[in-house]
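# Fold and geometry: a report
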Amino acid sequence: MNTVLDLQMNVMLIVYLVLLAVKGFAFVNSLLWSGEHYTAAGKLTKPTWTIILGLGLVVQILLPGIINLLNLVFTIAALVYLADVRPALASLTRRR
């Protein structure tokens, strides 16, 4: 029985760390683009995305419950940023 609980705790820790890394990467990446890029891509403004992703990172750290409604909302926001906004921003830069 103890082995099952240990396995569950290890899996939950891995999921927590992966979600923390995803949110941290999205937040740092949102800081790297200029505000003009966001406007040109037709997305929300840079301050809006930075606040959303920054709050998500803070909530992940301060409220570490993985199955938490706020963590779920901010995880979805980070995944939307990475799947939709980041590629749109990257497409605006010239490839050499």
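So, a few notes on the structure that sits alongside this text. (Residues numbered from 1 in each chain as written. Predicted model: local features only at pLDDT ≥ 70, side-chain atom pairs only at ≥ 80, totals over all residues. Heavy atoms only, no water.)

## Concerning the side chain of Asn29
Note the cut-off: Counting from the N terminus, the helices are the DSSP runs of H or I reaching at least four residues and the strands are the DSSP runs of E reaching at least two. For this analysis, a polar contact is any N or O atom pair within 3.5 Å, provided that within protein one partner can donate a hydrogen and the other can accept it, and provided that sequence-adjacent residues contribute only side-chain to side-chain pairs. The criterion used for residue contact is that any of the two residues' heavy atoms lie within 4.5 Å.
With respect to the helices and strands, the residue Asn29 is situated in helix α1 (residues 2-32). Separated by 2.8 Å, the side chains of Asn29 and Tyr81 make a polar contact. Apart from the residues within four sequence positions on either side, Asn29 is in contact with Tyr81 and Arg86.

## Brief notes about α1
We apply this condition: Under the convention used throughout, the expected extent of a helix is 1.5 Å for every residue step, that is, one less than its residue count. Here's how the labels work: a residue is buried when its accessible area is under 20% of the maximum for its type, exposed when over 50%, partly exposed in between, all with a 1.4 Å probe on protein chains only.
Its 31 residues give α1 an end-to-end C-alpha distance of 45 Å, which sits within 8% of 45 Å, the value for a rise of 1.5 Å per residue. Listed in full, the buried residues belonging to α1 are Tyr16, Leu19, Lys23, Gly24, Ala26, Asn29 and Ser30. Tucked into the core, α1 has its buried residues touching α2 (35-41), α3 (46-62) and α4 (69-90).

## Considering the packing of α1 against α4
Test applied: All axes here are fitted lines through C-alpha atoms, helices being fitted over the stretch that makes contact, and every angle between N-to-C directions spans 0 to 180 degrees. For classification purposes, an angle smaller than 35 degrees is called roughly parallel, one larger than 145 roughly antiparallel, one from 65 to 115 roughly perpendicular, and anything else oblique. Should the near helix be turned counterclockwise from the far one by less than a right angle, the crossing is left-handed, whereas a clockwise turn marks it as right-handed. Note on residue categories: nonpolar means Ala, Val, Leu, Ile, Met, Phe, Trp, Tyr, Cys or Pro, charged means Asp, Glu, Lys or Arg, and polar means any other residue, Gly included.
Relative orientation of the contacting elements α1 and α4 amounts to 50 degrees, with a least axis distance of 10 Å. The orientation of α1 with respect to α4, classified from their angle, is oblique. As for the relative orientation of α1 and α4, their crossing is left-handed in sense. Each of Leu19, Val22, Lys23, Phe25, Ala26, Asn29 and Ser30 in α1 lies in contact with α4, whose residues at this interface are Asn71, Phe74, Thr75, Ala78, Leu79, Tyr81, Leu82 and Arg86. Residues belonging to the contact of α1 with α4 are distributed by class as follows: nine nonpolar, four polar and two charged.

## Considerations on a nonpolar patch on the surface
This is how it is decided: Exposure above 30% relative accessible area and no salt bridge define the residues that can form patches, which grow by joining like charges within 9 Å and nonpolar side chains of Val, Leu, Ile, Met, Phe, Trp and Tyr within 5 Å. Per-residue and other accessible areas follow the Shrake-Rupley method at a 1.4 Å probe size, with only the shown protein chains counted as cover for residues. Whenever Lys or Arg places a side-chain nitrogen within 4 Å of a carboxyl oxygen from Asp or Glu, that contact is recorded as a salt bridge.
Among the surface-exposed residues, Val58, Ile61, Leu62, Leu63 and Leu70 lie close enough to one another that they form a single nonpolar patch of about 450 Å² accessible area. Tallying contributions element by element places α3 first for the nonpolar patch, with three residues. Assessed through its relative accessible area of 41%, Leu70 is described here as partly exposed.

## Describing α4
As a reminder of what qualifies: Axes are fitted to the seven residues ending at a residue and to the seven starting at it; the angle between these axes is taken as the bend at that residue.
Here α4 spans 30 Å end to end across 22 residues, near enough to the 32 Å set by a 1.5 Å rise per residue. Remark: the principal bend of α4, roughly 35 degrees, maps to Tyr81. The complete set of buried residues in α4 reads Asn71, Phe74, Thr75, Ala77, Ala78, Tyr81, Val85, Ala88 and Leu89. Where α4 is buried, its residues meet α1, α2 and α3. Where α4 begins, the side chain of Asn68 points an oxygen toward the backbone nitrogen of Leu70, at a separation of 3.1 Å.

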